[in-house]
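Architecture and fold: a report
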Amino acid sequence: MKLTEKETMLLQDLKKQEQVCIDKYGQYAGTAGDASLKRLFKEIGSVERNHLNTINNILEGKAISAGSKSKSTKSQSANANQTQTQSAKQTAKQTKMEQNAKSSTTVKAKSKTWENDKFLCNDLLATEKYVSSCYNTSVFECAQPALRNALNHIQKEEQEHGKLLYDYMNTNGMYN
Ligand SMILES: [Fe+2]
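Not measured: the values here are computed from a predicted model.

Within the first shell, the iron ion binds the protein through Glu18 (OE), Glu18 (OE), Glu48 (OE), His51 (ND1) and Glu158 (OE), at distances of 1.8 to 2.5 Å. Each donor residue of the iron ion belongs to the same chain, with the gaps between them written as E-x29-E-x2-H-x106-E. In this pair, Glu18 is assigned in helix α1 (residues 5-31) and Glu158 in helix α5 (residues 145-171), connecting sequence segments 140 residues apart. The exposure class of Glu18 is buried, given its relative accessible area of 0%.

The contact between helix α2 (residues 35-59) and helix α4 (residues 112-141) brings their axes to 13 Å, and the two run at 20°. What the angle tells us is that α2 and α4 run roughly parallel. Considering only the axes of α2 and α4, their crossing is left-handed. Counting all contacts with α2, which are made through Leu37, Phe41, Ile44, Glu48 and Ile55, the residues of α4 involved are Asp117, Leu120, Cys121, Leu124, Glu128 and Tyr135. A breakdown of the residues in the contact of α2 with α4 according to their chemical character gives eight nonpolar, no polar and three charged.

Rules behind the numbers
Residues numbered from 1 in each chain as written. Predicted model: local features only at pLDDT ≥ 70, side-chain atom pairs only at ≥ 80, totals over all residues. Heavy atoms only, no water. Donors = N, O, S within 2.8 Å, 3.2 Å for Na, K, Ca; no water. Helix = DSSP H or I, 4+ residues; strand = E, 2+ residues; numbered from the N terminus. Buried < 20%, exposed > 50% of the residue type's maximum accessible area, 1.4 Å probe, protein only. Axes fitted to C-alpha atoms, helices over the stretch in contact; angles between N-to-C directions. Parallel < 35°, antiparallel > 145°, perpendicular 65-115°, else oblique. Left-handed = near helix turned anticlockwise from the far one by under 90°. Contact = heavy atoms within 4.5 Å. Nonpolar A, V, L, I, M, F, W, Y, C, P; charged D, E, K, R; others polar.

Here is the structure:
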């Protein structure tokens, strides 16, 4: 796919944003106190890595696969994305069940660990919101349908990440 100067510029910016996401999820998985939150961060982080690969492939002029509806057989990367998103959803569900079990017996004290986990979630939620808006702007600025579809698909996944983070926060009394 041949990109216009503007499309290349937008994709370069999205590439930077994806790297920020990968770095944040990676580092935050290391510092989160709750084991299930660590798992959630790792799961989402691996989807962000797929996003970066997709953007890199587009910048290298390779054919777009993710988000493409034109073929019945989905590409490996689209499948991988989907599987990982489902896996992240599964993790969030599991987390919710674990937390529900916990909260029935103990009221989770607002410990330092809880405060830190809340901080990490809030930061990532803000990041997802920002990145999602970057994709939205890019979709409007890009002319080629295949490129628009690919970016739209990634944006949808960023929104899903936001929902997973929100669900965790809500379950753990972090969201007012
Ligand atoms: Fe992403």
